[in-house]
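Structural overview
Single-letter residue listing:
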Amino acid sequence: MTILPIGSDVRLAGNTVHQFAIGISQSIECIEGAIWITQPNEPRDIVLAAGERMLFRAPGKSLLVGPINGAAVVRAVGAPCLDMAA
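Residues numbered from 1 in each chain as written. Predicted model: local features only at pLDDT ≥ 70, side-chain atom pairs only at ≥ 80, totals over all residues. Heavy atoms only, no water.

With that settled, consider the overall build of the chain. From N to C terminus, the chain includes zero helices and 10 strands. Along the chain direction, N to C, the helices and strands of the chain fall in the order β-β-β-β-β-β-β-β-β-β. Buried residues in the chain amount to 36% of all 86 residues. Summed over all atoms, the accessible surface of the chain reaches about 4,700 Å², with 54% contributed by carbon and sulfur. (Helix = DSSP H or I, 4+ residues; strand = E, 2+ residues; numbered from the N terminus. Buried < 20%, exposed > 50% of the residue type's maximum accessible area, 1.4 Å probe, protein only. Areas by Shrake-Rupley, 256 points an atom, 1.4 Å probe, with all protein chains shown as cover.)

To continue, consider unusual backbone geometry. For residues that are not glycine, phi is negative in most cases, and the peptide bond is trans in most cases. Located in the positive-phi region is asparagine 41, a residue other than glycine, with phi close to 65 degrees. With respect to the helices, strands and loops of the structure, asparagine 41 is situated in the loop between strand E5 (34-38) and strand E6 (46-49). A relative accessible area of 81% places asparagine 41 in the exposed class. The phi torsion at asparagine 69 lies on the positive side, around 55 degrees, for a residue other than glycine.

Glancing now at the environment of histidine 18. Note that histidine 18 resides in strand E3 (residues 18-22). Judged by relative accessible area, histidine 18 falls into the buried class, the value being 17%. Sequence separation of histidine 18 and leucine 64 is 46 residues, and the distance between their C-alpha atoms is 5.6 Å.

Most of E3 sits out of view: four of its five residues are buried. Pairing of E3 with strand E8 (residues 61-67) involves five bridges; the strand directions are antiparallel. By the bridge assignment, glutamine 19 is partnered in E8 with leucine 64. (Pairing = 2+ DSSP bridges.)

Quick look at the nonpolar core now. Counting residues in hydrophobic clusters, the biggest one holds 15 residues, and the most contacted among them are Leu12, Ile28, Ile35, Ile37, Leu63 and Val65. Elements represented by at least two residues in this core include exactly strand E2 (9-12), E3, strand E4 (26-32), E5, strand E7 (53-56), E8 and strand E9 (72-77). Once you skip the residues sitting within four places of it in the chain, valine 65 turns out to touch Leu12, Thr16, Val17, His18, Phe20, Ile35, Trp36 and Ile37. (Core = buried A, V, L, I, M, F, W, Y, C linked by side-chain atoms within 4.5 Å. Contact = heavy atoms within 4.5 Å.)

Moving on to the pattern of salt bridges. Inspection of the entire model under this criterion finds four salt bridges. For glutamate 32, the salt bridge goes to arginine 11, with nearest N and O atoms at 3.1 Å. Here arginine 11 lies in strand E2 and glutamate 32 lies in strand E4, a separation of 21 residues in the sequence. For glutamate 32, a relative accessible area of 39% gives the class partly exposed. Relative accessible area serves as the criterion here: at 52%, arginine 11 is assigned to the exposed category. (Salt bridge = Lys/Arg side-chain N within 4 Å of Asp/Glu carboxyl O.)

Purely spatial values, then, with no claim about function.
Here's what the structure looks like:
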């Protein structure tokens, strides 16, 4: 697992999927491009465009995150975010 430092930008290459563990009161922010987010036991996916952020209120969420139409840049905001694919 790789810890994604708070406030650091992380580039997601096109056609890739990343699994993140996310803590309570932490956000994922899309800095550049667009991303989709899938959560277990949630019926809908979420799409974030550049400048949008999603706050997670429940602890221990596992997310699948991927770029849409090419590369994207994301940022962890709040508590540390772990990339479980690394």
